[in-house]
Amino acid sequence: MVEKTHSRGVRWRLSQTAFDALLASLDADRVRAGEQYERLRQKLVKFFEWRGAVAPEDLADETLNRVARKIESGEEIRNVAAFCSGVARLVWHETLKERERTGELAADVAAPSAADPGDEEELRLDALELCLGELPGDHRAIVLEYYAGERRAKIDHRKELARRLGIEVNALRIRVHRIRARLESCVKQRLKRPSTS
Amino acid sequence: VPYLRTNDEAMQFLLGKLTEEERCALEDRLFADDDLFDRVVMAEADLVDAYARGELSSEDRECLEAGLLATPAGRERLAFARALDARARRARVEPRPEQTPAWGGLGAWLFARRGWVAGAAAATLAVAAASAWYFSRPGEVAPESTEIVAEDRSPAPEAVPSEPPPLVPTPPPSNDVETPTRPPSRSPSRARVAAFQFAPQTVRTIEELRVIRVPSDADTVRLVLGLEEPERSRYSAVLKTAAGEPVLRRDSLPVRGDGPRRRVVLDLPVDRLPPEEYVVALTEPDDESHVVADYIFRVERQ
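Procedures and definitions
Residues numbered from 1 in each chain as written. Chains lettered and ligands numbered in written order. Predicted model: local features only at pLDDT ≥ 70, side-chain atom pairs only at ≥ 80, totals over all residues. Heavy atoms only, no water. Salt bridge = Lys/Arg side-chain N within 4 Å of Asp/Glu carboxyl O. Helix = DSSP H or I, 4+ residues; strand = E, 2+ residues; numbered from the N terminus. Buried < 20%, exposed > 50% of the residue type's maximum accessible area, 1.4 Å probe, protein only. Axes fitted to C-alpha atoms, helices over the stretch in contact; angles between N-to-C directions. Parallel < 35°, antiparallel > 145°, perpendicular 65-115°, else oblique. Left-handed = near helix turned anticlockwise from the far one by under 90°. Contact = heavy atoms within 4.5 Å. Nonpolar A, V, L, I, M, F, W, Y, C, P; charged D, E, K, R; others polar. Expected span 1.5 Å × (residues − 1). Polar contact = N/O pair within 3.5 Å; in protein donor to acceptor, adjacent residues only side chain to side chain. Phe/Tyr/Trp six-rings, centres within 6.5 Å; stacked < 30°, edge-to-face > 60°. pLDDT = per-residue confidence, 0-100.

**Section: the pattern of salt bridges**
All told, the structure shown has 39 salt bridges over all chains when counted by the stated rule. For Lys17(B), the salt bridge identified is with Asp60(B), shortest N-O distance 2.7 Å. Here the residue Lys17(B) occupies a position in the loop between helix 1 (9-14) and helix 2 (20-32), and Asp60(B) occupies one in helix 4 (residues 58-66), the gap between them amounting to 43 residues. With a relative accessible area of 28%, Lys17(B) lands in the partly exposed category. Between Glu27(B) and Arg23(B) there is a salt bridge; the shortest N-O distance is 3.3 Å. With Glu27(B) and Arg23(B) both in helix 2 and four residues apart, the pair spans about one turn of that helix. Comparing Glu27(B) with Arg23(B) shows no difference in burial state: the two are buried. Connected through salt bridges with shared partners, the residues Arg51(A), Arg89(A), Glu20(B), Arg23(B), Glu27(B) and Asp28(B) form a single ionic network.

**Regarding the packing of helix 4 (residues 80-102) of chain A against helix 2 of chain B**
Two elements in contact, helix 4 of chain A and helix 2 of chain B, have axes separated by 8 Å at closest approach and are oriented at 140°. Considering the angle they form, helix 4 of chain A stands oblique to helix 2 of chain B. Here helix 4 of chain A and helix 2 of chain B pass one another in a crossing that is right-handed. Across from Ala81(A), Cys84(A), Ser85(A) and Arg89(A) in helix 4 of chain A, the residues of helix 2 of chain B making contact are Cys24(B), Glu27(B), Asp28(B) and Phe31(B). Within the contact of helix 4 of chain A with helix 2 of chain B, the residues separate by chemical class into four nonpolar, one polar and three charged.

**Describing helix 3 (residues 34-52) of chain B**
Structurally, the α-helix is built with 3.6 residues per turn, so residues lying three or four positions apart point the same way. All names here are of chain B. Over its 19 residues, helix 3 runs 27 Å from end to end, which matches the ideal 27 Å to within 8%, given 1.5 Å per residue. Across the 19 residues of helix 3, 14 count as buried, placing the element largely inside the fold. Between the side-chain oxygen of the N-cap and the backbone nitrogen of Asp-35 there are 3.0 Å, and the N-cap of helix 3 in question is Asp-33. Gly-54 occupies a position one or two residues after helix 3 and carries a positive phi of about 70°.

**Some words on the packing of aromatic side chains**
This structure, assessed with the given rule, holds seven aromatic pairs over all chains. Ring geometry for Phe19(A) and Tyr37(A): centres 5.2 Å apart, planes at 85°, overall edge-to-face. With Phe19(A) in helix 1 (residues 16-26) and Tyr37(A) in helix 2 (residues 30-51), this residue pair connects regions lying 18 residues apart in the sequence. We classify Phe19(A) as buried; its relative accessible area is 18%. Between Trp50(A) and Phe37(B), the ring centres sit 6.0 Å apart and the planes meet at 50°, which makes this aromatic pair tilted.

**Re unusual backbone geometry**
Working note: non-glycine residues mostly have negative phi, and peptide bonds are mostly trans. Positive phi outside glycine occurs at Ser252(B), with the angle close to 60°. Here Ser252(B) shows up in strand 6 (residues 246-256).

**Re the confidence of the model for chain B**
This prediction gives chain B a mean pLDDT of 67; 59% of its residues lie at or above 70. Per-element averaging of pLDDT across chain B places helix 7 (residues 143-152) of chain B at the bottom with 29 and helix 2 of chain B at the top with 93.

Okay, structure coming up:
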């Protein structure tokens, strides 16, 4: 279970009942509700990331907790996604106020990693190599070819690649972005581990 | 993605250029619309990639640094983009140096394409339309030209020419250099339009690079852009330098003519076209990433 602290110090624990109520409000089918929950959470994380949050995932969870609490308290919410956007905005304003109050903003935001940049880059490239190795061969080739070339040459690589695959350039873009997202997540996970090997 | 649509709403949002009200409205739509959300996520990746490759304008770079890249997640995303770029560069096959043309970035790009387009080059040359240029005369204002000038919101030339000549499928001159077919004969007070016709280019070779020579006293360059089978009645046009720097964009340009004469006419103020290599992309009206045709040329001044 997730436990979060409201910014004003009121502690509230997300109960199983509240979580179930939140899922039920998203869809009557629990599997589909779970998918929608993940999607909503992803949108919340990006909402806070694009707003400049230092810890967007925490704020996304805080938002979902508040929404779940509302639903558990019996409030009828017709459009959970729209309601979430309003709550998210409120959470963000509170975060900004908290930043102002504590003056903690930039230490966290601007602080570079303590690791040597060269080492970090090397570790990342190693992780990327390993993650590329985990991809199916055609996916690996597609993503590398997609990002190859400079400016116009890159554009033509992409057109040619799309032609060879028999798809539109935009369909190729979507496909590559999915592969790229998987790669990025894989690299992130590997860098979190003590060793990337 | 042929070009980054840095002037569209999603990009403006990601670059932090929207007002708070506009931003909130878009955020609400992002929660309601999965497709829009996915498009913005992809646009974000494109933007960070472009930053990593040094392809953004200085203004957009600064916006990104102050916004998305100022957070730990943004820095992480940039580091990944750089790593992926480095890895993709390593995988790329470089052209042999002794065959690399000596005249700049566009040449290198054309060279890189030459291998796979070699077979198509002759055919393309055969269908390349001849270009022409002519001067305007007061009183010969054509409705289509007036409309285009109005869309640009730039000062209109004193006059623009009447209907441009039809696209004639005759071979271009040596090295495809466009030169005046007749000497200028105008009074100094008259505005002048230098017009050049382009066939749609689906493949390109070095030999196909169009060189247009703009008379020193021309006010406007008119590009008559031939289209093979336009699916829409209007398109947007994006003009960039070959280095990718945006020059201008015009929306809602109507398709003129029919059959082999279908074309879009683009009037450009001469002062926006210093001697350089350019690319004009005709795109879907609401989707700049969907390029229906592009036209490459180098501007020279007479």
